[in-house]
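In case you want the letters, here they are:
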Amino acid sequence: MGNRFQAKDRFADGAQYVDGRLRPGTSDASHTVVDPATGEDVLTYQLASAADVDAAVAAARRAFPAWSAATPGERAEVLHRLAGVLGERAEEFARAESLQCGKPVKLSTEFDVPGTIDNTAFFAGAARHLQGQAAGEYSGDHTSYVRREAIGVVGSIAPWNYPLQMAAWKILPAVAAGNTIVLKPAELTPLTSLMFAQAATEAGIPDGVVNIVTGAGREAGEHLVGHPDVAMTSFTGSTGVGKRVAELATATVKRLHLELGGKAPFVVFADADLEAAAQGAVAASLINTGQDCTAATRAYVQRPLFDAFVARVAELMRTVRLGDPFDPATDLGPLVSHAQRDRVAGFVERARAYATVVTGGEIPGGALAAGAYYAPTLITGAPQDSEIVQSEIFGPVLVALPFDTDDEAIALANDTPYGLAASAWTRDVYRAGRATREIKAGCVWVNDHIPIISEMPHGGYKASGFGKDMSAYSFEEYTQVKHVMYDNTAVAAKDWHRTIFGDRS
Ligand code: NAD
């Protein structure tokens, strides 16, 4: 994979991207991006101030009339070109993503970057399929049709777990539909969002259509959400911050799209393929070091399989190789930061009072001691209402609990405030059908857990938010529909005027 990414050279001109070029932020505060695998500094940059957000919103506002008036074909053409530019830079994107997140290059190369390229190609095509409903004479005297229109400037806020993919999920449907955007990535992970915006400019997307402000949530984030010239807020992050964002967006009557936290159940019925379920549970709980909003976090296993499942999952977890993210053999990198690692360790330490740590529950030493590593962890014996079962941990921690009846399994799966994703493991088609109908989540997998595809929507139920990323469904968030109604009679005294002018017969 070669050298680590050289962020200091790349962002010597600053880490804000406004109106098609990099510039420094003007906040009083700076932030240092740290490589979580080593603790070494990657880039210190000046954060965005409210004035920087104003400049980005103004650029997006200026760019909106021409971009929204471009034909779908014109927008599609530059998005196709963007997919090409991303493809040419794939290795560089993978290195930058691995450096700022601690993601194994295996993951950034095989998942984050190709997923982003595919998403870009998808929205290039989807841009040409935007349509309103077919026209018709729904009243005898009128012809109605629906126009689907761009909303304006979108203000988006993204988390640090999949920075490149989150930037793409926010930017692509917004601009494919004719909006312009100001995106604020998480402070910890600004690099690949900035690179994505640079690639957009290189592909021919006009200046001001895609802007990136890299700032603190309280300063830049809140200013963006409350900005009077921003027509829509799209937020991905924790449910706690999402509530604050919703309050601010409501105050200025903005359209709102919230992709929030998750606590996905993984339900294994007694007729399931045990080996498939155990392998699936390990992969789906550890992907991205567990920092995945859809990660498997609560394994409910029907009692006849429970002991064998726990033993096999623990055995498989011990085979996972923690190491340098830039080593192609590494399976699992560190958490995104030492603070996140300590937060995860805190959940596990508190759980020891009421549950059993079957494997893991340790901060590795030796060559990994300087990084934010945490051992893959399996916990049993926790009560359903305990913190470790109910709260989003966002680390490599899986809790396994037994159940007896199918009714109980569905009830337990639904028993958290979240509803982002879930899976059911069974060879019985009726059981699978019931689980897909009755589990309250935006995605339910059967005999798998994690795969996503550009053509299908991603989004939550309950406290996991509302609205969809990816797929043509995302256009429901990023467009507004207008009813246009034509009179067909050409008469001055229309029939319905009787309500005003009395009986004219
Ligand atoms: P976070 O909520 O702490 O931060 C998310 C973003 O919000 C960051 O850019 C942050 O700077 C910004 N922010 C913080 N305070 C703000 C404020 N007061 N006003 C405006 N913006 C503010 O989340 P995180 O720790 O970066 O990411 C992890 C969380 O994201 C988890 O809860 C995870 O489940 C969630 N997530 C959800 C999805 C999904 O699709 N539902 C996808 C990825 C991550």
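Residues numbered from 1 in each chain as written. Predicted model: local features only at pLDDT ≥ 70, side-chain atom pairs only at ≥ 80, totals over all residues. Heavy atoms only, no water.

- As annotated in an unreviewed UniProt entry, the protein chain is Gamma-aminobutyraldehyde dehydrogenase from Streptomyces antimicrobicus.
- Under the Sequence similarities (unreviewed entry) heading, UniProt states for the protein chain: "Belongs to the aldehyde dehydrogenase family." (UniProt positions renumbered as here; feature names shortened; annotations may be inferred.)

**Let's talk about the pattern of salt bridges**
Phase 1: Per the stated rule, a full pass over the model turns up 31 salt bridges.
Phase 2: Residue Glu-149 is joined to Lys-482 by a salt bridge in which the shortest nitrogen-to-oxygen separation is 3.0 Å. You can see Glu-149 sitting in strand 5 (residues 142–150) and its partner Lys-482 sitting in strand 21 (residues 479–487), a full 333 residues away along the chain.
Phase 3: Two residues, Glu-315 and Arg-312, come together in a salt bridge whose shortest N-O distance is 2.8 Å. Of this pair, Glu-315 and Arg-312 both sit in helix 11 (residues 303–319), three residues apart, which is roughly one turn of the helix. (Salt bridge = Lys/Arg side-chain N within 4 Å of Asp/Glu carboxyl O. Helix = DSSP H or I, 4+ residues; strand = E, 2+ residues; numbered from the N terminus.)

**Some words on the side chain of Thr-416**
Phase 1: Looking at the element boundaries, Thr-416 is found in the loop between helix 14 (406–413) and strand 16 (418–419).
Phase 2: Among the polar contacts listed, one links the side chain of Thr-416 to the backbone nitrogen of Tyr-418, at a separation of 3.1 Å.
Phase 3: Each residue touching Thr-416, except ones within four places of it in the same chain, is listed here: Lys-263, Arg-298, Val-389, Gln-390 and Lys-462. (Polar contact = N/O pair within 3.5 Å; in protein donor to acceptor, adjacent residues only side chain to side chain. Contact = heavy atoms within 4.5 Å.)

**Side note on helix 14**
Phase 1: Among the residues of helix 14, Ala-409, Ile-410, Leu-412 and Ala-413 are the ones counted as buried. Projected down its long axis, helix 14 carries its buried residues within an arc of 165 degrees, all on one side. (Buried < 20%, exposed > 50% of the residue type's maximum accessible area, 1.4 Å probe, protein only. Arc of directions from axis to C-beta.)

**A look at the packing of helix 5 (residues 105–126) against helix 6 (residues 163–176)**
Phase 1: Across the interface, helix 5 lies against helix 6 with an axial gap of 10 Å and an inter-helix angle of 5 degrees. In terms of their interaxial angle, helix 5 and helix 6 are classed as roughly parallel. Along its contact with helix 5, which presents Phe-111, Asp-112, Val-113, Gly-115, Thr-116, Asn-119, Thr-120 and Phe-123, the element helix 6 presents Leu-164, Gln-165, Ala-168, Trp-169, Leu-172, Pro-173 and Ala-176.
Phase 2: Across the contact of helix 5 with helix 6, the residue classes break down as nine nonpolar, five polar and one charged. (Axes fitted to C-alpha atoms, helices over the stretch in contact; angles between N-to-C directions. Parallel < 35°, antiparallel > 145°, perpendicular 65-115°, else oblique. Nonpolar A, V, L, I, M, F, W, Y, C, P; charged D, E, K, R; others polar.)

**Thoughts on the packing of helix 3 (residues 72–88) against helix 6**
Phase 1: Closest axis-to-axis distance for the helix 3/helix 6 pair is 10 Å, and the angle between their directions is 155 degrees. Judged by the inter-axis angle, helix 3 sits roughly antiparallel to helix 6. The residues of helix 6 that touch helix 3, namely those facing Arg-75, Leu-79 and Leu-82, are Leu-172, Val-175 and Ala-176.
Phase 2: The residue inventory of the contact of helix 3 with helix 6, partitioned by class, reads five nonpolar, no polar and one charged.

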